[in-house]
Amino acid sequence: MARRKTKLIVALLFALIFGSIGASRSDAQKGTAADALDQRIRAEISGFKGRVSLFAENIDTGKSYGFGADDRVRTASTIKVPIMVEVFARVAEGKAKWTDELILTEASKVSGSGILLELSDGLRLNLRDAVRLMIVVSDNTATNLLLDRITTDAVNDRMDSLGLRQTRVLRKVGGGGESRAGAISENKRFGLGVSTPREMVMLLEKLERGEVISPEASREMIAIMKRQQYRDGIPRALRGVEVANKTGALDRLRSDVGIVYTSRGRIALAITCDDMPETLWSVDNPGLILISRLAKILVEELGR
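Procedures and definitions
- Residues numbered from 1 in each chain as written.
- Predicted model: local features only at pLDDT ≥ 70, side-chain atom pairs only at ≥ 80, totals over all residues.
- Heavy atoms only, no water.
- Pairing = 2+ DSSP bridges.
- Helix = DSSP H or I, 4+ residues; strand = E, 2+ residues; numbered from the N terminus.
- Axes fitted to C-alpha atoms, helices over the stretch in contact; angles between N-to-C directions.
- Contact = heavy atoms within 4.5 Å.
- Salt bridge = Lys/Arg side-chain N within 4 Å of Asp/Glu carboxyl O.
- Buried < 20%, exposed > 50% of the residue type's maximum accessible area, 1.4 Å probe, protein only.
- Lys, Arg positive; Asp, Glu negative; His and termini not counted.
- Polar contact = N/O pair within 3.5 Å; in protein donor to acceptor, adjacent residues only side chain to side chain.
- Parallel < 35°, antiparallel > 145°, perpendicular 65-115°, else oblique.
- Left-handed = near helix turned anticlockwise from the far one by under 90°.
- Nonpolar A, V, L, I, M, F, W, Y, C, P; charged D, E, K, R; others polar.
- Phe/Tyr/Trp six-rings, centres within 6.5 Å; stacked < 30°, edge-to-face > 60°.
- Lys NZ or Arg CZ within 6 Å of the ring centre and 35° of its normal.
- Patch = residues over 30% accessible without salt bridge, like charges linked within 9 Å, V, L, I, M, F, W, Y side chains within 5 Å.
- Areas by Shrake-Rupley, 256 points an atom, 1.4 Å probe, with all protein chains shown as cover.

K.L.:
I'm lost on the sheet that holds strand β1 (residues 51–58) in this one. Help?
P.N.:
The strands that make up a sheet pair up through hydrogen bonds in the backbone, lying either parallel or antiparallel. Strand order in the open sheet made by the 5 strands is β2-β1-β10-β9-β8, with antiparallel pairing throughout. The open sheet is flanked by β2 (64–67) and β8 (242–250), the only strands paired with a single partner. Taking each pair of neighbouring strands and ignoring which way they run, the sheet shows an average axis angle of 5°. Of the strand pairs in this sheet, β1 and β2 are connected by 4 bridges, and their pairing is antiparallel. The partner of A56 across the bridge, within β2, is Y65. Strands in contact with helix α6 (residues 197–208) are β1, β9 (253–262) and β10 (265–274); relative to β10, the strand with the most contacts, it is inclined by about 150°.

K.L.:
Sorry, what's going on with the pattern of salt bridges here?
P.N.:
Two side chains that carry opposite charge are able to pair once their charged atoms sit near each other. Under the defined criterion, the tally for this structure stands at 31 salt bridges. D275 is the partner of R51 in a salt bridge, and the nearest nitrogen-oxygen pair spans 3.3 Å. In this pair, R51 sits in strand β1 while D275 sits in the loop between β10 and α8 (286–302), placing the two residues 224 residues apart along the sequence. You can call D275 partly exposed: its relative accessible area is 47%. In this structure, E300 and K296 form a salt bridge, with 2.7 Å as the shortest nitrogen-oxygen distance. Of the two residues, E300 and K296 are both situated in helix α8; the distance of 4 residues between them amounts to about one turn of the helix. When its relative accessible area of 28% is taken as the criterion, E300 is described as partly exposed. One network of salt bridges, in which partners are shared, links E86, R90, E93, K95 and R158.

K.L.:
Mind showing me how you'd approach the pairing of β8 here?
P.N.:
Two faces make up the sheet, and in a regular strand the side chains alternate between them. Sheet topology places β8 next to β9; 9 bridges connect them, and they run antiparallel. Bridge assignment links A249 to a residue of β9, and that residue is R254. Here β8 folds back onto β9 in antiparallel fashion, the turn holding 2 residues.

K.L.:
Even after reading the chapter, I still don't get the side chain of D139, so can you show me in this structure?
P.N.:
Looking at where D139 falls in the secondary structure, it is placed in the loop between α3 (127–136) and α4 (140–150). For D139, which is buried and forms no salt bridge, the nearest opposite charge comes from K80, at a distance of 7.1 Å. Reaching out from D139, the side chain makes a polar contact with the backbone nitrogen of L116 at a distance of 3.0 Å. Filtering out sequence-adjacent residues up to four positions away, D139 remains in contact with K80, S113, G114, I115, L116, L133 and M134.

K.L.:
Hey, could you run me through the packing of helix α2 (residues 80–92) against α3 in this one?
P.N.:
Between two packed helices, the angle of one axis relative to the other and the distance separating the axes together describe the packing. Running from N to C, α2 and α3 cross one another at 165°; their axes reach a closest spacing of 10 Å. In terms of orientation, α2 lies roughly antiparallel with respect to α3. When you trace α2 past α3, the crossing you get is left-handed. Across from K80, V81, I83, M84, V87, F88 and V91 in α2, the residues of α3 making contact are L127, V131, M134 and I135. Among the residues forming the contact of α2 with α3, the class breakdown is 10 nonpolar, no polar and 1 charged.

K.L.:
Explanation requested: the packing of aromatic side chains in the structure shown.
P.N.:
Note on aromatic pairs: each is described by the distance of the centres and the angle between the planes. Inspection of every chain in the model, using the stated rule, returns 1 aromatic pair. Taken together, a centroid distance of 4.8 Å and an interplanar angle of 70° make the contact between F88 and W98 edge-to-face. Taken as a pair, F88 in helix α2 and W98 in the loop between α2 and β4 (101–103) lie far apart in primary sequence, 10 residues in all. Since its relative accessible area comes to 5%, F88 is described here as buried. Directly above the ring of F55 sits R198, whose terminal nitrogen or CZ lies 4.7 Å from the centroid.

K.L.:
Looking at this structure, how should I read a nonpolar patch on the surface?
P.N.:
Taken together, the side chains of I115, L119 and L123 make up a nonpolar region of the molecular surface, amounting to roughly 210 Å² of accessible area. Summarising the element assignment, L123 is placed in the loop between β4 and β5 (124–126).

K.L.:
Can you help me understand the sheet that holds strand β6 (residues 168–169) in this one?
P.N.:
Spatially, 3 strands are ordered β3-β7-β6 in an open sheet, and the strand pairing comes out antiparallel. The two strands at the open ends of the sheet, each matched to only one other strand, are β3 (73–74) and β6. Of the strand pairs in this sheet, β6 and strand β7 (residues 193–195) are connected by 2 bridges, and their pairing is antiparallel. Note that in β7 the partner of R168 across the bridge is V194.

This is how it looks when you write it as structure tokens:
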């Protein structure tokens, strides 16, 4: 009996000692990995002329990284994802139908990205087609037609319901349709919309988990984002992986938010490069190049 007790005590001591050592090693490894990621990100950013804000998370493991993750940033066209969410919500609630028509007029046309600017007045397109144009080719005119129908404040109220209180559409593209948040003087500098990298990733994760409106609606929104045609940011340096994303661009800003589907987990990320000293509307824009490099690092380091 005494021998058994002695053996049990010895076994427990071994478990405590080596378990503690194992845990310490595990913690050290985690710390080393986090330090390595931070060093790689900072080294990549160090030579960039501008301001960088980002957040990324492996949806499957919870491993994350932030650099200015809670900075309030200009969204540019990435705010079109929240606008899409509100349209889907309206349809789900019976307040709109996908077959509802929007009519293109000369007055409704706005410059910038998209194709509707080039089409004839009187064109009729349904709600679903307008959403697809807004996301797939970032059509600014389609965006404004949708905002005329659903209102900017409705988008912001929807974001509140999702717990995203920093994400706001402030006005229509080019002006008009100002929201309550857009009327606040300190928000004027953000232009079309404002958010944080962390909140954009939160929205992407909710969509991927099927938590926005319904699993079916969430899947359809992700599918539309997978068909988005601007691929010079997050997907640029990635090979053999699927990406659902939405880009944004202004004279001295580039941004991209998306999900990268890898064998080591689904990586949701939001990256904004702002305050660049020069305007360059080409695929060689320094912001686009940096976004692609940062995305590659984040996917590599946050993978399982």
